[in-house]
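Residue-level structural notes
In case you want the letters, here they are:
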Amino acid sequence: MKLAGVIVTWVALLLGTAVAADLPRSSPEEQGLSSGVISEFVAAADKFDSMNSLMIVRHGHVIVEGWWTPYDRESRHSLYSLSKSFTSTAVGIAIAEGKLKLDDEVLKAFPDAAPAEVSGQLKSMRLSDLLRMNTGHQTEPPRTGDSWIKTFLAHPVPFKPGTHFLYNTSATYMQSAMVQKATGQTVLDYLKPRLFEPLGIENPTWEMSPEGIATGGYGLSVRTEDIAKFGQLYLQRGKWNGKQLVQSEWVDAATARQTSNGSNPASDWDQGYGYQFWRCRNGAYRGDGAFGQYCIVMPEQDTVIAITSGLRDMQAVLNLIWDKLLPAMQSAPVTANKEAQAELKKQLTKLTVRMPVSIDKPSKSFGKKYVFKANDLKIDSVVLRAGDDDKTTVLDLKIDGADEKIVCGNGRWEKGKLAFGPLTAQPAAAAGAWTAEDTFTAKLCFYETPFLVTVQLKVNGDELELSSQANVGFGPQKAVKIAGTAAP
């Protein structure tokens, strides 16, 4: 954000007014929740060391907002499967405009992509089955090849559509494809004038498939406040600034229990599924994405909670909401505690992803070049050296033949752009320190995603062990270790 924008934002916050299309701000107490309770919640959430951002909206007002540095209010964040709820919204709008119907047969939308042999089960699959994750598949169709549509339609459908719940990201892709077929626009372009622009969601991005269709089930990136606005729109049953953006009937149907998906009363993944929304305990519902990207709507409490995070245990943060926040929500304003308000504001400004902590007397072994044999990380060589000042340490790497420079802040996050392992070049921040006499630890935070990679260099004379481990991922989470030797 430019300086002028920062000044406008702070003036607006001080005056208690909203900025442009941002949601209005208020103190927690004015909206029936004490700052002390929120402070306890934030402290407990901070212990996960996995939180990226938090925004709580009560009675239409933002009462708390925080970002764990290097995450910030202006950067977009990958939503993963929270994208599904936006795709569902596009379907709902297209139905309201007469471009689609719930009973539309999937196969009829793509006759040229049909397999050589078409089963009766595939013929009977409808758009409503895609929305409810009741496609009749036993396993999820892979998203491979030049046409994900053809791959989807060729996948076996052993169950009668509408009778078998299977969480199925490929089904959401087919919703995206059906919207594009019916409207001539990707879901991103279709939603821009109908949803994103009215809500003041600027510059959303969405990943595309090889056949030029938005991925639908994942790939959307927006800001934390954009997530909160989306939830507030649904809380208001589709109405925004006096205009009905999404039909109220669609909001009611999409967030209702459309299908059963389990029976565990203690699990927020067993409370039923709507049209790309999960039902929650305590009368709430949510859109959610991998590793804890949440848009939680609590109609009975007139509350929306937006969270981005890198959690392995996604249930834990929901439990925290039900245990700490929910019981404290009052229908009327509560007495303000100025000290608690000041403490909460201070707490929110100091939130940060944990950085490596330096020992008192590190060896600071700098300058040697270590080379590696072929390895999974594709690291050819590394040189650890002091930065231009005492506030930075630099890792000079050659990765898959390309030079990569990682500038680590000492006791602070140093922002830049980098690639590491499977993560392609993108905005990132790095912090590092000598955490043992022979070990330099760097943390690489890809702050438009949930991913945090910890890299350790353990030096032993002419030998070096480099280990790398991500905080979360879709595969095994074991650290990858490679051994290097000093170059002659």
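Higher on the page you've got the structure.
Figured I'd write up the structure that's included with this text.

About the cut-offs
Residues numbered from 1 in each chain as written. Predicted model: local features only at pLDDT ≥ 70, side-chain atom pairs only at ≥ 80, totals over all residues. Heavy atoms only, no water. 1 Å grid on protein atoms, 1.4 Å probe; cavity = no way out; pocket = protein on both sides within 12 Å on 5 of 7 lines; lining within 4 Å. Points joined across faces, edges and corners; volume = space filled by probe spheres on them. Nonpolar A, V, L, I, M, F, W, Y, C, P; charged D, E, K, R; others polar. Helix = DSSP H or I, 4+ residues; strand = E, 2+ residues; numbered from the N terminus. Expected span 1.5 Å × (residues − 1). Buried < 20%, exposed > 50% of the residue type's maximum accessible area, 1.4 Å probe, protein only. Arc of directions from axis to C-beta. Contact = heavy atoms within 4.5 Å. Polar contact = N/O pair within 3.5 Å; in protein donor to acceptor, adjacent residues only side chain to side chain. Salt bridge = Lys/Arg side-chain N within 4 Å of Asp/Glu carboxyl O. Pairing = 2+ DSSP bridges.

A closer look at empty space enclosed by the protein
Scanning all chains against the criterion turns up three cavities of 30 Å³ or more. In this structure, the largest cavity spans a volume of roughly 70 Å³. Counted by class, the lining of the largest cavity contains six nonpolar, four polar and one charged residues.

Section: helix α13 (residues 338–349)
Between its first and last C-alpha atoms α13 spans 17 Å; for 12 residues at 1.5 Å apiece the expected length is 16 Å, and the two agree. Within α13, the full set of buried residues consists of A340, Q341, L344, Q347 and L348. Projection of α13 onto a plane perpendicular to its axis shows the buried side chains occupying an angular sector of 125°, all on one side. For α13, the exposed residues set more than 90 degrees away from the buried face come down to K338, E339, K345 and T349. Residues of α13 that are buried in the fold lie against α2 (35–46) and β2 (61–67). Capping the start of α13, N337 holds a side-chain oxygen 3.1 Å from the backbone nitrogen of E339, two or three residues further along.

Focus: the pattern of salt bridges
In this structure the tally under the stated criterion is 25 salt bridges. Note that D49 and R354 form a salt bridge whose closest N and O atoms lie 3.9 Å from each other. Taken together, the residues D49 in the loop between α2 and β1 (51–58) and R354 in the loop between α13 and β12 (369–372) connect sequence positions 305 residues apart. On the accessibility criterion, R354 (33% relative accessible area) is partly exposed. Between E140 and R143 there is a salt bridge; the shortest N-O distance is 2.7 Å.

Observations concerning unusual backbone geometry
Residue P70 is reached from T69 by a cis peptide bond, and omega for that bond is 15°. Here P70 is to be found in the loop between β2 and β3 (77–78). One non-glycine residue with positive phi stands out, namely R237, at about 55°. Within the secondary structure, R237 sits in the loop between α10 (224–235) and β6 (239–240). Positioned with a positive phi, D302 is a non-glycine residue whose angle comes to about 50°. Along the polypeptide, D302 turns up in the loop between β10 (293–298) and β11 (303–309).

Details of the pairing of strand β20 (residues 463–470)
The pairing of strand β19 (residues 452–460) with β20 spans eight bridges and is antiparallel. Residue pairing for β20: V455 is matched across the bridge by S468. Remark: two residues form the turn of the hairpin made by β19 and β20, two consecutive strands paired antiparallel; G461 in that turn has positive phi of roughly 65°. Two elements, β20 and strand β21 (residues 480–486), share six bridges in a ladder whose sense is antiparallel. Across the sheet, S468 pairs through a bridge with V480, a residue of β21.

What is shown is where atoms sit, not what they do.
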